Amino acid sequence: MKIDLNCDMGELEDGAREAALMEFITSANIACGGHAGDEATMERTARLALERGVRIGAHPGYPDRANFGRVAMTMSAAEIASCVRKQIERLDAVVRRMGAAIVHVKPHGALYNVAARDGAVARAIGEAVAGWNPRTRLVGLAGSGMLEAWREMGLEAAGEAFADRRYEADGSLRSRQFPDALITNPEAAAAQAVRLARQAGVETICVHGDTPGAVAILKAVRAALEAVAAAG
């Protein structure tokens, strides 16, 4: 088993925590000014990624910092496409100055969840990426319509699963309004990561950087995935 391990980052002021998280991942999704992040946090997180050989991705969300991008907004497809592209370009400007490049785009929060079930929103995100760099990979919920929408547009799309989130029976993520939406026990998260990694269509596993105990969770998840890979 060989699988990407990603983390949503650039959302916190705690640089030491981000550095600790970066030790266990292979891809970093960096907030780029919509739901969180500014030029300083983008540069800090990108630099940490480059120092550790971690791939850099853009993590655009609804432009709603007050709700951390976790509440759906009423926006037209054109508005979503424009907003997403501007966020990607903002991170791209920072990353280019450092001699690096964005290799993937993963929507954040409510934008991600809406796109998973709304083809028009998924296509708007795809249009933003296609207009910026059509060779960039998009990351979305494994088994959801967003991946199909992007692939129909001729874009590369990777299926993602979550080690630190509970799922509903239909494969959607349990709303954060419920107290059990997060998995904070490292052993439980690691077991879920291994189970999900064995499913068809799962190419990358996520642990959120702001989940309580995220560093311990990532450490356990990585160890579990490496143990399975070593066992063949």
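Just above sits the structure.
Note that the coordinates shown come from a computational prediction; the quantities given were computed from them, not determined experimentally. (Residues numbered from 1 in each chain as written. Predicted model: local features only at pLDDT ≥ 70, side-chain atom pairs only at ≥ 80, totals over all residues. Heavy atoms only, no water.)

Asks: Would you explain the overall build of the chain in this entry?
Replies: A count of helical and extended segments in the chain gives eight helices and seven strands. A compact globule built from 232 residues would reach a C-alpha radius of gyration of about 17 Å, and the chain, at 16 Å, matches this within 12%. A principal-axis box enclosing the C-alpha atoms of the chain has dimensions of 45 × 40 × 35 Å. Long-range pairs, those at least 24 residues apart, make up 69% of the contacts in the chain with a sequence separation of at least 6. For the chain, the accessible surface area stands at approximately 10000 Å², while carbon and sulfur atoms represent 50% of it. Both charge centroids of the chain, one from 27 positive and one from 29 negative side chains, sit 2 Å from each other. (Helix = DSSP H or I, 4+ residues; strand = E, 2+ residues; numbered from the N terminus. Rg over C-alpha atoms; globule rule 2.2 N^0.38 Å. Contact = heavy atoms within 4.5 Å. Areas by Shrake-Rupley, 256 points an atom, 1.4 Å probe, with all protein chains shown as cover. Lys, Arg positive; Asp, Glu negative; His and termini not counted. Charge placed at Lys NZ, Arg CZ, Asp CG, Glu CD.)

Asks: Explain the side chain of Glu160 here, please?
Replies: Tracing the sequence through the fold places Glu160 in strand β6 (residues 157–162). Residue classification places Glu160 among the buried residues on the basis of a relative accessible area of 0%. Non-local contacts of Glu160, meaning those with residues more than four positions away in its chain, are made with Asn6, Lys106, Tyr112, Val139, Gly140, Leu141, Ala142, Thr204 and Cys206. (Buried < 20%, exposed > 50% of the residue type's maximum accessible area, 1.4 Å probe, protein only.)

Asks: What exactly am I supposed to notice about the environment of Ala227 here?
Replies: Mapped onto the elements of the fold, Ala227 is located in helix α8 (residues 214–231). What makes Ala227 partly exposed here is its relative accessible area of 44%. As for Ala227 and Ile30, which are separated by 197 residues in sequence, their C-alpha atoms are 28 Å apart.

Asks: Sorry if this is basic, but what is going on with helix α3 (residues 77–97) here?
Replies: Counting along an α-helix, one turn takes 3.6 residues, and residues three or four places apart therefore face a common direction. Taking 1.5 Å as the rise per residue, α3 with 21 residues should run 30 Å; its terminal C-alpha atoms sit 31 Å apart, in good agreement. Of the residues making up α3, those classed as buried are Ile80, Ala81, Cys83, Val84, Gln87, Ile88, Leu91, Asp92, Val94 and Val95. Looking one or two residues past α3, Gly99 carries a phi angle of roughly 75°, positive in sign. (Expected span 1.5 Å × (residues − 1).)

Asks: Is there a simple way to think about the layout of surface pockets in this case?
Replies: One water molecule sets the probe size; rolling that probe over the atoms shows where empty space is left. Reported here for the largest pocket is a volume of approximately 790 Å³. Considering the residues around the largest pocket, the lining is formed by 38 residues, among which Asn113, Arg165, Ser172, Leu173 and Arg174 are closest to the centre. Going through the elements one at a time, α4 (109–117), β6 and α7 (186–197) are the ones with two or more residues in the lining of the largest pocket. Considering every element that reaches the lining of the largest pocket, the biggest residue donor is α4, with seven residues. Here the residues of the lining of the largest pocket are counted per class, giving 16 nonpolar, twelve polar and ten charged. Quantified by volume, the second largest pocket comes out at close to 230 Å³. As for the second largest pocket, its lining consists of twelve residues, and the residues nearest its centre are Lys2, Ile3, Asp4, Thr26 and Glu226. Put simply, the parts of the chain that give the lining of the second largest pocket at least two residues each are β1 (4–9) and α8. (1 Å grid on protein atoms, 1.4 Å probe; cavity = no way out; pocket = protein on both sides within 12 Å on 5 of 7 lines; lining within 4 Å. Points joined across faces, edges and corners; volume = space filled by probe spheres on them. Nonpolar A, V, L, I, M, F, W, Y, C, P; charged D, E, K, R; others polar.)

Asks: What is the right way to read the nonpolar core from this model?
Replies: Nonpolar side chains tend toward joint burial in soluble globular proteins. Within the largest apolar cluster, 73 residues are counted, with the highest numbers of intra-cluster contacts made by Ile125, Met146, Trp150, Ile205 and Val221. Discounting residues that sit within four places of it in the chain, Ile205 has contacts with Ile3, Asp4, Leu5, Asn6, Ala161, Ala163, Ala193, Leu196 and Ala197. (Core = buried A, V, L, I, M, F, W, Y, C linked by side-chain atoms within 4.5 Å.)

Asks: Please clarify how the sheet that holds strand β2 (residues 27–31) should be interpreted in this entry.
Replies: Either a parallel or an antiparallel arrangement is found when strands of a sheet pair, and the pairing is made through backbone hydrogen bonds. Read around the closed barrel, the seven strands follow the order β1-β2-β3-β4-β5-β6-β7; overall the barrel is parallel. Judged from the four bridges that link them, strand β5 (residues 137–141) and β6 form a sheet pairing that is parallel. Looking across to β6, one finds that Leu138 is bridged to Ala157. In the packing of helix α2 (residues 39–51) onto the sheet, contacts are made with β1, β2 and β3 (55–59), and the angle to β2 comes to roughly 175°. (Pairing = 2+ DSSP bridges. Axes fitted to C-alpha atoms, helices over the stretch in contact; angles between N-to-C directions.)

Asks: Before we go on, may I ask you to explain the state of the cysteines in this structure?
Replies: Note on terminology: a disulfide is the covalent bond linking the sulfur atoms of two cysteines. Counted under the stated rule, the structure contains zero disulfides. Left unpaired, Cys32 is separated from the closest cysteine sulfur, that of Cys83, by 9.1 Å. Residue Cys83 is classed as buried on the basis of its relative accessible area of 15%. (Disulfide = S-S within 2.5 Å.)

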